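These are the residues of each chain, in order.
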Amino acid sequence: METRELTVVAGSFVGFQLLFSVVSPRISSALALGYGALPPTKLTEWNSRLVSTVHALIVGLFCLYILWFDDAVNANPVWGDPSLVKLNVAITCGYLLYDLVLLACNWSTMGDTFFVCHHLAALYAYGYVLTRGVLPYFANFRLISELSTPFVNQRWFFEALKYPRSHRLVVLNGVGMSVVFFLVRIAVMPSYWASVFATFGTEDFERLGLGAQVAWITSCIALDILNTIWMYKITRGCYKVITGAGARKRKESPDRNKNVNNHTD
């Protein structure tokens, strides 16, 4: 790994930590009226999710830029010039390391085995990108999935602030989350794996060596299994929100003048 990538990883780690401990509390207390009333455990997760959203927007938008404008990577997905991709991956590795430390320090309240597996699988695969500069197209393609993260975090913010599930913003975010999650994590699977299979048996694939090949394929399988599980959970939650909101509307319709407490789930 070159000095530049190491610097970006370390800088991202420190930067996300400062965002978590300094910037997020100040911004959140100014913009979210209910932030200060949250218990300490929820404050920690709130700040963590705000950092997650910032990381997702930075990396996701950078990923789209590379896919649209980096001709070298698109021309040779296995051995194309990885300069921009390595920068994006280094930012993500810094974030993943920061998040693993945060989870370890708050395991009793925030610990999630799925997230740990996800982070470790990603770090394992991205390590080859940073150290050998291989598979830049595929590494960058994987980062498209981060574009669904802001919706997932926003759902949690609404719940923490006790927005009713029937609230229009909650319903719209839930639908948006399901659609975007499906588009960037599930719908892209056939295209991604078609590109993967197209490299099998080629000289570029053989040059990778067994270690990189195993790291690439096994990490992708693990991540797609996790994404499928999360998609199932999100779809169930979205269905409950939509049908729950519809049930409340039907219940309210016989007597429009009756007062209803929308804050009960």
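Located above this text is the structure these notes cover.
All of the points below concern the structure found in this document. A quick note: this is a predicted structure, and the numbers were derived from the prediction, not measured.

Next up on the list: the nonpolar core. Counting residues in each nonpolar core, the largest one holds 66 residues, and the members touching the most others are Trp46, Val89, Tyr126, Phe138, Tyr192, Leu208 and Trp216. A total of eleven residues in this core trace back to one element, the largest contributor, which is helix H4 (residues 83-105). When residues no more than four places from it in sequence are discounted, the contact partners of Val89 are Tyr126, Val129, Leu130, Ala139 and Leu143.

What follows covers unusual backbone geometry. In this model, Leu135 sits at a positive phi of 55 degrees, which is unusual for a non-glycine residue. Along the polypeptide, Leu135 turns up in the loop between helix H6 (113-132) and helix H7 (136-142). One non-glycine residue with positive phi stands out, namely Lys162, at about 65 degrees. Mapping Lys162 onto the fold places it in the loop between helix H8 (149-160) and helix H9 (168-186).

So, on to the pattern of salt bridges. Counting across every chain of the model gives five salt bridges. Between Arg4 and Glu5 there is a salt bridge, with its nearest N and O atoms 3.0 Å apart. Looking at Arg4, the relative accessible area reads 42%, which means it is partly exposed. Given a relative accessible area of 2%, Glu5 falls into the buried group. A salt bridge links Asp204 to Arg207, with the nearest nitrogen and oxygen atoms 3.9 Å apart. Here Arg207 and Asp204 lie together in helix H11 (residues 203-252), a separation of three residues that amounts to about one turn. The exposure class assigned to Arg207 is partly exposed, which follows from its relative accessible area of 46%. Several salt bridges converge on common partners, so that one network encompasses Arg4, Glu5 and Lys86.

For the rest of this paragraph, the subject is the packing of helix H1 (residues 3-31) against H4. With their axes 8 Å apart at the nearest point, H1 and H4 run at an angle of 45 degrees to one another. The angle between H1 and H4 places the two elements in the oblique class. Helix-helix and strand crossings are classified by hand; for H1 and H4 the assignment is right-handed. Contact with H1, carried on its side by Arg4, Glu5, Val8, Val9, Ser12, Phe13, Phe16, Gln17 and Phe20, involves Ser83, Lys86, Leu87, Ala90, Ile91, Cys93, Gly94, Tyr95, Leu97, Tyr98, Val101 and Leu102 of H4 and no other residues of that element. Of the residues in the contact of H1 with H4, the class split is 14 nonpolar, four polar and three charged.

About the thresholds
Residues numbered from 1 in each chain as written. Predicted model: local features only at pLDDT ≥ 70, side-chain atom pairs only at ≥ 80, totals over all residues. Heavy atoms only, no water. Core = buried A, V, L, I, M, F, W, Y, C linked by side-chain atoms within 4.5 Å. Buried < 20%, exposed > 50% of the residue type's maximum accessible area, 1.4 Å probe, protein only. Helix = DSSP H or I, 4+ residues; strand = E, 2+ residues; numbered from the N terminus. Contact = heavy atoms within 4.5 Å. Salt bridge = Lys/Arg side-chain N within 4 Å of Asp/Glu carboxyl O. Axes fitted to C-alpha atoms, helices over the stretch in contact; angles between N-to-C directions. Parallel < 35°, antiparallel > 145°, perpendicular 65-115°, else oblique. Left-handed = near helix turned anticlockwise from the far one by under 90°. Nonpolar A, V, L, I, M, F, W, Y, C, P; charged D, E, K, R; others polar.

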